[in-house]
Every structure is written in C-alpha cells, then in structure tokens.
Amino acid sequence: MEYGLFKLDKYLKVVDIFSKWAQTVQLFSWGEPILNKSFVEMIRYTSQKPHKIRTITTVNLNATNDEQIKGLLTSNLDALHVSIDGVTQEVYEKYRVGGNLETVLNNLKKLIAAKKLYKSSTKIQWDFIVMKQNEHQIEEAKKMASDFGVPLQIFSAAIHLKKDTFVPIKELMDTYGEWLPDDPRYQTYTEDRTKLKRTMKLCKSPWLETMVNWNGDVFPCSSVHIEEKDRMGNIFEQDFEDIWNGQKYVAARKELLGKPNSVNTICHTCRKK
C-alpha cells in the first residue's frame, strides 16, 4: 500500500463514526503529523464540542511554523510528545536523518512559550529513544529537559517495530543490532539478544483499540499498517461494527485466548513469535 495523507473530509467521517465509543484518539503513526496541513483542524474537530475526545500526538518539530504552533496549543490537544533523540546535531541526525536539532529546539521553545501565552492545558513532553549512538547523552538530555521545564520520557529502542512482530529476532540482529544500546538498563532484549526481555501474557489490542490508515484500512494495532492481507477491513467500504465483529477480528481474539479458529490473521503470526 502506498503512503499518503489523511484527507480532512475523510478524517471527519472517521471521528463521527468513533465518537460514541472512543475515549482517546492518537493522531500519529509512521510519519510526521504536522506535515498534514489540516492537522490542527483535525485535532480541534476531535477534541472540542460536540465530540470532546482526548487527543494525543507525537511530532519531531522539524517542519512547523508559528501559526501551527499556536493552533496546536489552542486546539484542546491533551498531550504533545516531541521526539528528540540526541543533544548534539551529530548524534541527533544519525536517527533523524535530515533533521536539524537547532530548529527543533527553537520550535520546542516556541511551543513552551505559546503554552504560557494561551494558558494552554496541553501537556508537552520530550521523548528520547535510547540507542547505541545516543546513550551517552541521556544525562545531558535530562538536564536540558529540566531547563525547558518539560518532562523527559525515555524509551528503549527495538530493532524494527514492524518486522519485530513476525521475523525471528536472530535474523534481524545482523542488520539492526548496531542500533541497540550497550547499557543493560535500556536493553529491550536479553543479554544474548535472542528474545525480548518482557513479553505480554495477553495482547489486549483487538479488544481495546484499532488503527485506521489514511485510506480507511483498519488494522488491529499500529505495528502492522501497510499489508492489505493484514487489514481487518476498510472503514469507508464497510460499517465499523461489521469490521469489529467480523471474522478476522473474532479469529484474532480467539487466537490470543488460545481458542480454536479457522481464519488466519496477523495476530496468529505475532502470537506464535
């Protein structure tokens, strides 16, 4: 499936559909949300009357402007996470290729100033993914976040969020292992790097959440989002209740509960891994 931007009219239809169920809408997935020129309007429509649904987004702040910053802080957005994975340009650009740290930090300052100016209740948080190339900068990042007056959330890197779901970890380490930190406190995997340190006893995603792509394709979670064979249906072609209670979703839930089922889904692949 091709990548694309959610059109405003399509997005509004999705919010209308989910408004009687949704408690939170996360407006991000595998791209930079603020590249969508309708992004602020999308947040407003979701978070303000009549829907008043909690909204969260994650941005990298490389490409924004003063008007958009004002919009974000006056839209009733609940939480705004800013991804900054380094405190020097040399380290930052290793993962955020083409990104400019000075631009990002200046935009973060503008966000914080706008929050004060408009007395916004939006929570601003700095997200830092720990990798081999930046693990030595964690303490400096903590200090900078404190100086900015925002909390710092540290995440441990995984080798590949999508392939990690269905490809054996051993096969991925040769390509992606160089990104993993050495410090055991931030290791996602066991010491021999053959399996995850923590695994879920029961994935609850097929009961609690759903992911809607820009073209209307529905997936059980955001780890899988582009393969047509893995989609549960399409919200512009079917009623969502028919998708939610359809064969694929029911089979996925049965698989996770260890019950017999006859329809193969991505949840079968993920559980077996």
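Let us look at the structure shown here. Residue numbers here run from 1 along each chain, matching the order of that chain's written sequence. Restriction of local features to residues with pLDDT of at least 70 applies here, the model being predicted, together with a cutoff of 80 or more for giving and counting side-chain atom pairs; totals for whole chains, interfaces and linings are based on all residues. For the side-chain quantities, the full set of heavy atoms in the structure was used; hydrogens and water were omitted.

1. Thoughts on the overall build of the protein
Phase 1 of the analysis: Here a strand is any run of E in DSSP of at least two residues, a helix any run of H or I of at least four, and the numbering for each starts at the N terminus. For the protein, the helix and strand inventory stands at 12 helices and eight strands.
Phase 2 of the analysis: In summary, the protein has a C-alpha radius of gyration of 20 Å against a globular reference of 19 Å for 273 residues, a match within 12%.
Phase 3 of the analysis: Counting only C-alpha atoms, the protein reaches 55 × 50 × 30 Å along its principal axes.
Phase 4 of the analysis: Within the protein, the fraction of its 273 residues that count as buried is 46%. In this treatment the radius of gyration is a C-alpha quantity, and the globule benchmark scales as 2.2 Å times the residue count to the 0.38 power. Exposed residues in this analysis have more than 50% of their type's maximum accessible area, buried residues have under 20%, and partly exposed residues fall in between, with area computed by a 1.4 Å probe over protein chains only.

2. Focus: the sheet that holds strand β3 (residues 79-83)
Phase 1 of the analysis: Read across the open sheet, the five strands follow the order β1-β2-β3-β4-β5; overall the sheet is parallel. Of all the strands in the sheet, the pair left with one neighbour each is β1 (24-26) and β5 (152-156). Ignoring which end each strand starts from, the neighbouring axes of this sheet average 25 degrees apart.
Phase 2 of the analysis: Any two strands with at least two DSSP-identified bridges between them are counted as paired. Summarising the sheet, strand β2 (residues 54-59) and β3 pair through four bridges and their orientation is parallel. Axis angles are defined between N-to-C directions and span 0 to 180 degrees, where every axis is a line fitted to C-alpha atoms and, for a helix, only to the segment in contact.

3. Overview of the pairing of β5
Phase 1 of the analysis: Note: strand β4 (residues 123-130) against β5, five bridges, orientation parallel. Bridge pairing in β5 links I129 to F155.
Phase 2 of the analysis: In this fold, β4 hands off to helix α6 (residues 138-148), which returns the chain to β5; that crossover is right-handed. The crossover handedness rule: strands pointing away from the viewer, path from first strand over the helix to second strand clockwise, crossover right-handed.

4. A look at a nonpolar patch on the surface
Phase 1 of the analysis: Surface patches are drawn from residues lacking salt bridges whose relative accessible area is over 30%; two like charges belong together within 9 Å, two nonpolar side chains (Val, Leu, Ile, Met, Phe, Trp, Tyr) within 5 Å. Where accessible areas are quoted, they stem from the Shrake-Rupley method and a 1.4 Å probe; at the residue level, only the protein chains shown are allowed to cover. Throughout this description, the term salt bridge denotes a Lys or Arg side-chain nitrogen within 4 Å of a carboxyl oxygen of Asp or Glu. Together, L202, W207, L208 and L257 make up a nonpolar patch on the protein surface, roughly 380 Å² of accessible area in all.
Phase 2 of the analysis: Position of W207 relative to the elements: it lies in helix α9 (residues 205-208).

5. Digging into the nonpolar core
Phase 1 of the analysis: Here, nonpolar core refers to any group of buried Ala, Val, Leu, Ile, Met, Phe, Trp, Tyr and Cys residues whose side-chain atoms link them within 4.5 Å. In this structure, L72, I84, L108, L111, W126, F148 and V218 are the most contacted members of the largest nonpolar core, which totals 52 residues.
Phase 2 of the analysis: Among the elements that make up this core, the one with the highest residue count is helix α5 (residues 101-117) (seven residues).
Phase 3 of the analysis: Excluding its chain neighbours within four sequence positions, the residues that come into contact with L72 are I34, F39, V40, I43, L77, L111 and T122. Should any heavy atoms of two residues lie within 4.5 Å, those residues are considered in contact.

6. Focus on the packing of aromatic side chains
Phase 1 of the analysis: Two aromatic rings from Phe, Tyr or Trp, using only the six-membered ring of Trp, form a pair when their centres are within 6.5 Å; if the ring planes differ by under 30 degrees the pair is stacked, by over 60 it is edge-to-face, and anything between is tilted. A complete count under the given rule lists eight aromatic pairs for this structure.
Phase 2 of the analysis: Taken together, a centroid distance of 6.0 Å and an interplanar angle of 70 degrees make the contact between Y95 and W179 edge-to-face. Taken together, the residues span a long stretch of sequence, with Y95 in helix α4 (residues 89-95) and W179 in the loop between α8 (169-176) and α9 at a distance of 84 residues.
Phase 3 of the analysis: Since its relative accessible area comes to 30%, W179 is described here as partly exposed.

7. Describing unusual backbone geometry
Phase 1 of the analysis: With an omega dihedral of 5 degrees, the bond running from K49 to P50 counts as a cis peptide bond.
Phase 2 of the analysis: Structurally, P50 can be placed in the loop between α2 (39-47) and β2.
Phase 3 of the analysis: Here L61, not a glycine, exhibits a phi torsion of approximately 65 degrees, which is positive.
Phase 4 of the analysis: Within the secondary structure, L61 is located in the loop between β2 and α3 (66-73).
Phase 5 of the analysis: Judged by its relative accessible area of 0%, L61 is buried.
Phase 6 of the analysis: The backbone of N76 sits at a positive phi, close to 75 degrees, despite the residue not being glycine.
Phase 7 of the analysis: Within the secondary structure, N76 sits in the loop between α3 and β3.
Phase 8 of the analysis: For N76, a relative accessible area of 42% gives the class partly exposed.

8. Some words on the environment of E209
Phase 1 of the analysis: Looking at the element boundaries, E209 is found in the loop between α9 and β6 (211-212).
Phase 2 of the analysis: Of the residues examined, E209 reaches a relative accessible area of 38% and is grouped as partly exposed.
Phase 3 of the analysis: Taking the C-alpha atoms as reference points, E209 and C221, 12 residues apart in sequence, are found 7.1 Å from one another.
Phase 4 of the analysis: Filtering out sequence-adjacent residues up to four positions away, E209 remains in contact with P220, C221, W244 and Y249.

9. Let's talk about the sheet that holds strand β8 (residues 233-234)
Remark on secondary structure: sheet strands pair via backbone hydrogen bonds, oriented parallel or antiparallel.
Phase 1 of the analysis: With antiparallel pairing, the three strands of this open sheet are ordered in space as β6-β7-β8. Every interior strand has two partners, whereas the edge strands, β6 and β8, have only one.

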